[in-house]
Amino acid sequence: MMSDSFFQPISGFDLPRFAGVPTFMRLPHVTPDHPRLQDVQIGLVGVPWDSGTTNRPGPRHGPRQLRDASTMIRAQHQVSGLRPFEAANCADLGDVGPNPADIQDSMQRITAFYDQLVTAKIRPLTAGGDHLTSLPVLRALAKDQAVGMIHFDSHTDLFHSYFDGTMYTHGTPFRRAVEEGLLDPKRVVQIGIRGTMYDSEDRDFAKANGIRIIEIEEFFARGLKDVMAEARDIVGTQPTYVSYDIDFVDPTFAPGTGTPEVGGPNSFEALQVCRELYGLNIIGADMVEVSPPFDQSGGTAFLGVSIMFELLCAMLS
C-alpha cells in the first residue's frame, strides 16, 4: 500500500526524541471520534490496570513508561528491513479507562473498547497492565471463534483460582479463556515456563486439555529456532494471538516486573523469538507486566517497547 503521511511517526531528525508529547512510537494519537479512525489498521492501546496482581503491584504504570521509552523506536527493522509504518496505517489509540476499584467493571470496559476495534477491523497491539488484561481482550477478539495462542512467559497463568475461590487474577487468565471457549487449547503453546511452583495443578490442566508447555530447560536444550518451529506448527495458519509477559526475559535484563524468575532468556533472545513469528496469522498481541516502580531506570520498559516493535513487524510480515 502507499504510505499515508498522517500515519507516519515523527522523525528524530525533525523533532528531538526528548521533545513533544510522547505517544507510542511517536505515532499520531487517534481518538474514538477522530475522523481518521476508520483508516487505522493497527492500533496501539494502553491498558493501565493491575487489579489482578497478587503480589507486587505496579503494571498500571506500564503504558505511560512504555510510551516514553518508545520515542527511541525508529522506522525500519534492522534485520528484515520492514518499515511497518509504511506497511500499514498505525496509530496510538490511547488508553482504556479502567475502574481501579472493580475488576469486573474494568474487564467489561476493556472488552467494550476492543469490541469497537473489532468492528472497525483494527488489529490491536496492547501494552498492559498485568496479565489478566489478556482475558477481556480475548473476549472481544475471539468472541466468534476460538483462537490459537503463542505465549511467552515464565508462568502458565492456568491456575483455577487464588485465595480459595478468587477466579480473576493475573495467574488465571488463560484458564478462564479456555473455559470460555476463547482459546483452542490444542493450538496453545507456552514458552519459557520456569521457577518454583505452588503445585502441579496448572500443568495438570494443560496436559488434560492439550496445551503444549515448553519449559525453559527444553527451550535452551533444543535451541530457539527449533522450539519456535514447533510453536509455528502448533498454531498453524489459523487466527493466533501472541501474549508476551516481560518476565519471560531473565530479570538481569528486565528487573521491572512483579513476579521475576531467574534463569530466562537474554534480551537478544527476547527479540529473536518474535522474529520467528513472521508469516503467522496474528490477530492481536500484547506486552504485559512491565512494572516501572521496580525499574525506575526505564530499561525494562525500553526492552518491552522494543519487543512491541518486533511484534508489530511480525503482525505485518
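The model shown is predicted, which means the values in this text are computed figures rather than measured ones. (Residues numbered from 1 in each chain as written. Predicted model: local features only at pLDDT ≥ 70, side-chain atom pairs only at ≥ 80, totals over all residues. Heavy atoms only, no water.)

Examining the packing of helix α1 (residues 62-69) against helix α10 (residues 299-315)
- The geometry of α1 relative to α10 is characterised by a closest axis approach of 8 Å and an angle of 75° between their N-to-C directions. What the angle tells us is that α1 and α10 run roughly perpendicular. Residues Gln65, Leu66 and Ala69 of α1 lie in contact with α10, whose contacting residues are Ala301, Phe302, Gly304 and Val305.
- Broken down by class, the residue content of the contact of α1 with α10 amounts to five nonpolar, two polar and no charged. (Axes fitted to C-alpha atoms, helices over the stretch in contact; angles between N-to-C directions. Helix = DSSP H or I, 4+ residues; strand = E, 2+ residues; numbered from the N terminus. Parallel < 35°, antiparallel > 145°, perpendicular 65-115°, else oblique. Contact = heavy atoms within 4.5 Å. Nonpolar A, V, L, I, M, F, W, Y, C, P; charged D, E, K, R; others polar.)

Observations regarding the environment of Ala101
- Along the polypeptide, Ala101 turns up in the loop between β2 (90-95) and α3 (103-119).
- Separated by 29 residues in sequence, Ala101 and Asp130 place their C-alpha atoms 15 Å apart.

Comments concerning the side chain of Ser306
- Topologically, Ser306 is positioned in helix α10.
- A residue is classified by how much of its surface remains accessible, and Ser306, at 15% relative accessible area, is buried.
- Setting aside chain neighbours within four positions, we find Ser306 in contact with Ile73 and Leu271. (Buried < 20%, exposed > 50% of the residue type's maximum accessible area, 1.4 Å probe, protein only.)

Thoughts on unusual backbone geometry
- In this chain, Gly128 is followed by Gly129 through a cis amide linkage whose omega measures 15°.
- Along the chain, Gly129 falls in the loop between β3 (123-128) and α4 (134-141).
- In the Ramachandran plot, Lys121 falls in the positive-phi region, its phi being about 60° despite a non-glycine side chain.
- Tracing the backbone through its elements, the reader meets Lys121 in the loop between α3 and β3.
- Its identity as a non-glycine residue notwithstanding, Asp157 has a phi of 55°, on the positive side.
- Examined against the element boundaries, Asp157 turns out to sit in the loop between β4 (147-152) and α5 (173-179).
- Taking relative accessible area as the criterion, Asp157 reaches 6% and is therefore assigned buried.

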